[in-house]
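Fold and geometry: a report
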Amino acid sequence: MGRLDGKVIVLSAAAQGIGRAAAIAFAKEGAQVTATDINGEKLRELDGTPGIKTKVVDVTKKDQVEALAKEHDHVDVLFNVAGFVHHGSILDCEEADWDFTMNVNVRSMYLMCKAFLPKMLAKKSGNIINMASVASSIKGVVNRCVYSTSKAAVIGFTKSIAADYIDQGIRCNCVCPGTVDTPSLRGRIQAQPDPEQAYKDFMARQKTGRMCTAEEVAHLCVYLASDESAYVTGTEQIIDGGWRL
């Protein structure tokens, strides 16, 4: 038996990185997974994986999110992963950067939760997992102004849902990674003026001497998605190799 046998799970940003690793881990544990992403080409790489069906969805678009929700009679677990990392201080952050980041990192979760939560409430059972970060209200990080602000908002959003619906069978937690070795991170490193130095800077802050892997974050997500965490709600699940210390 799998740890997630029979559970229906919907998640965003499943084409690569943490979302992809989580989708695969969920399916291996017996869940029926709807893996969504805006990148259809990368997402199709999951086609044919037992337990996973894919669908191209832009989770910042209300009509697409609502259409996705209508395709599901019920959902046991909603995992909001979609996010964007802006590099820079407040003086490097234009209004367009601010609006884009908050739209992807916060508003998308609002849209997804608002669309799927009623289905959970109808069953008096549901589990929401939101992707936050240690770069948030947990730790101030250089050149992560709007990103950290958005992820602090995710933590507050998570706690609000947990408090509002705890007596109606709903749990809500967020995952707060440190530096995770993903295609997104590698892309951001290559985009810097000196990629070699940027990589060294990232490694210098890893107190364990290495970055986290997407698969390690996925293991934590399996726990949160499973009944093993039935008494866990409203929490920030930190997985950062001690970076915050």
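Residues numbered from 1 in each chain as written. Predicted model: local features only at pLDDT ≥ 70, side-chain atom pairs only at ≥ 80, totals over all residues. Heavy atoms only, no water.

So, the overall build of the protein
What counts, and what does not: Helix and strand labels come from DSSP, where a helix needs a run of H or I of at least four residues and a strand needs a run of E of at least two; each type is numbered from the N terminus. Radius of gyration here is computed from C-alpha atoms only, and the compact-globule reference equals 2.2 Å multiplied by the residue count raised to the power 0.38. Any residue under 20% of the maximum accessible area for its type is buried, any over 50% is exposed, and the rest in between are partly exposed; the area is computed with a 1.4 Å probe on protein chains only. Residue-level accessible areas treat just the shown protein chains as cover; the underlying method is Shrake-Rupley with a 1.4 Å probe. Here Asp and Glu are counted as negative and Lys and Arg as positive; His is not counted, and neither are the chain ends. The location of each charge is read from NZ of Lys, CZ of Arg, CG of Asp or CD of Glu.
Along the backbone of the protein there are eight helices and nine strands. Computed over its C-alpha atoms, the radius of gyration of the protein comes to 17 Å, within 12% of the 18 Å expected for a compact globule of 245 residues. In terms of overall dimensions, the protein has a C-alpha envelope of 50 × 35 × 35 Å along the principal axes. Taken across its 245 residues, the protein has 49% of its residues classed as buried. Summed over its atoms, the accessible surface of the protein is roughly 11,600 Å², and 52% of this surface lies on carbon and sulfur atoms. Mean positive and mean negative side-chain charge positions of the protein (28 and 29 charges, respectively) differ by 3 Å.

Topic: the layout of surface pockets
Condition: Note on definitions: the grid is 1 Å and covers protein atoms alone; a cavity is a set of points where a 1.4 Å probe fits but cannot get out; a pocket is an open set with protein on both sides within 12 Å along at least five of seven lines; lining residues have an atom within 4 Å of a point. Grid points are joined across faces, edges and corners, and a volume is the space filled by probe spheres set on the points. Residues are grouped as follows: Ala, Val, Leu, Ile, Met, Phe, Trp, Tyr, Cys and Pro are nonpolar; Asp, Glu, Lys and Arg are charged; all remaining types, including Gly, are polar. Here the bounds of each domain stem from an automatic or database domain assignment.
Empty space within the largest pocket amounts to approximately 1,000 Å³. Looking at the lining of the largest pocket, the elements that each hand over two or more residues are α1 (17-28), β2 (32-37), α4 (95-123), α5 (145-165) and α6 (183-190). Of the residues that constitute the lining of the largest pocket, the class distribution is 22 nonpolar, 13 polar and seven charged. Counting contributing residues per domain, the lining of the largest pocket is built from domain 1 (8-177 + 213-239) and domain 2 (182-211), each supplying no fewer than three.

Examining the environment of Arg210
Selection criterion: Counted as a polar contact is a pair of N or O atoms within 3.5 Å, where, for protein atoms, one must be capable of donating a hydrogen and the other of accepting one, and residues adjacent in sequence contribute only when both atoms are in side chains.
Looking at where Arg210 falls in the secondary structure, it is placed in the loop between α7 (195-204) and β8 (212-213). In the structure, Arg210 is positioned 31 residues away from Thr179 in sequence and 9.1 Å away in space, judged by C-alpha atoms. Side chain to side chain, Arg210 and Glu216 meet in a polar contact 2.7 Å long.

Let's talk about the packing of α6 against α7
The condition is simple: Interaxial angles span 0 to 180 degrees and are taken between N-to-C directions of axes, which are lines fitted to C-alpha atoms, for helices over the stretch in contact. Geometric relationships in this document are graded by angle, where less than 35 degrees denotes roughly parallel, more than 145 denotes roughly antiparallel, 65 to 115 denotes roughly perpendicular, and other angles denote oblique. Any two residues whose heavy atoms approach within 4.5 Å are treated as being in contact.
One way to put it is that α6 packs onto α7 with a least axis distance of 8 Å and a crossing angle of 130°. Relative to α7, the element α6 lies oblique. Facing Leu185, Arg186, Ile189 and Gln190 of α6, the residues of α7 in contact are Pro195, Ala198, Tyr199 and Phe202. Residue composition of the contact of α6 with α7, by class: six nonpolar, one polar and one charged.

Description of the pattern of salt bridges
Where we set the bar: Salt bridge, as used here, is a side-chain nitrogen of Lys or Arg placed within 4 Å of a carboxyl oxygen of Asp or Glu.
The full count for this structure, using the stated rule, is eleven salt bridges. The closest approach of N and O atoms between Lys42 and Glu45, which form a salt bridge, is 3.3 Å. Overall, Glu45 belongs to the partly exposed group, its relative accessible area being 44%. Ionic pairing is found between Lys200 and Glu196, a salt bridge with its closest N-O pair at 3.7 Å. Here the residue Lys200 and the residue Glu196 both occupy positions in helix α7, the gap between them amounting to four residues, near one helical turn. For Glu196, a relative accessible area of 55% translates into the label exposed.

Thoughts on a negative patch on the surface
For clarity, the cut-off: Residues enter patches when their relative accessible area tops 30% and they take part in no salt bridge; the joining distance is 9 Å for like charges and 5 Å for the nonpolar side chains Val, Leu, Ile, Met, Phe, Trp and Tyr.
A surface patch of negative charge is lined by Asp92, Glu94, Glu95 and Asp99. One can find Asp99 in helix α4.

A short note on the sheet that holds strand β9 (residues 236-239)
Basically, it comes down to this: Think of it this way: DSSP has to see at least two bridges between two strands before they count as a pair.
The strand order β3-β2-β1-β4-β5-β6-β9 describes an open sheet built from seven strands, whose pairing is parallel. The open sheet is flanked by β3 (52-56) and β9, the only strands paired with a single partner. Pairs of neighbouring strands in the sheet enclose a mean axial angle of 20°, with direction left out of account. Bridge count between strand β1 (residues 8-11) and β2: four bridges; the pairing is parallel.

Points about a positive patch on the surface
A cluster of basic residues, Lys61, Lys62, Arg107 and Lys114, forms a positive patch at the surface. With respect to the element layout, Arg107 can be found in helix α4. Residue class for Arg107 comes out partly exposed when judged on its relative accessible area of 35%.

Describing the domain arrangement of the protein
Applicable threshold: Simply put, the buried area is the total loss of 1.4 Å probe accessible area from both parts when two parts are fitted together.
For the protein, the assigned domains are domain 1 (8-177 + 213-239) and domain 2 (182-211). Summarising the inter-unit geometry, the C-alpha centres of domain 1 and domain 2 are found 24 Å apart. Each partner contributes residues to the interface: domain 1 has nine residues there, and domain 2 has eight residues. Roughly 590 Å² of surface becomes buried between domain 1 and domain 2 when both sides are summed, with 51% attributable to carbon and sulfur atoms. If you look at where domain 1 meets domain 2, you find one salt bridge. For Glu216, the salt bridge goes to Arg210, with nearest N and O atoms at 2.7 Å. Linking domain 1 with domain 2 are one residue pair in polar contact (both at pLDDT 80 or more), by the criterion used here. Residue classes in the side of domain 1 that touches domain 2 are distributed as three nonpolar, four polar and two charged.

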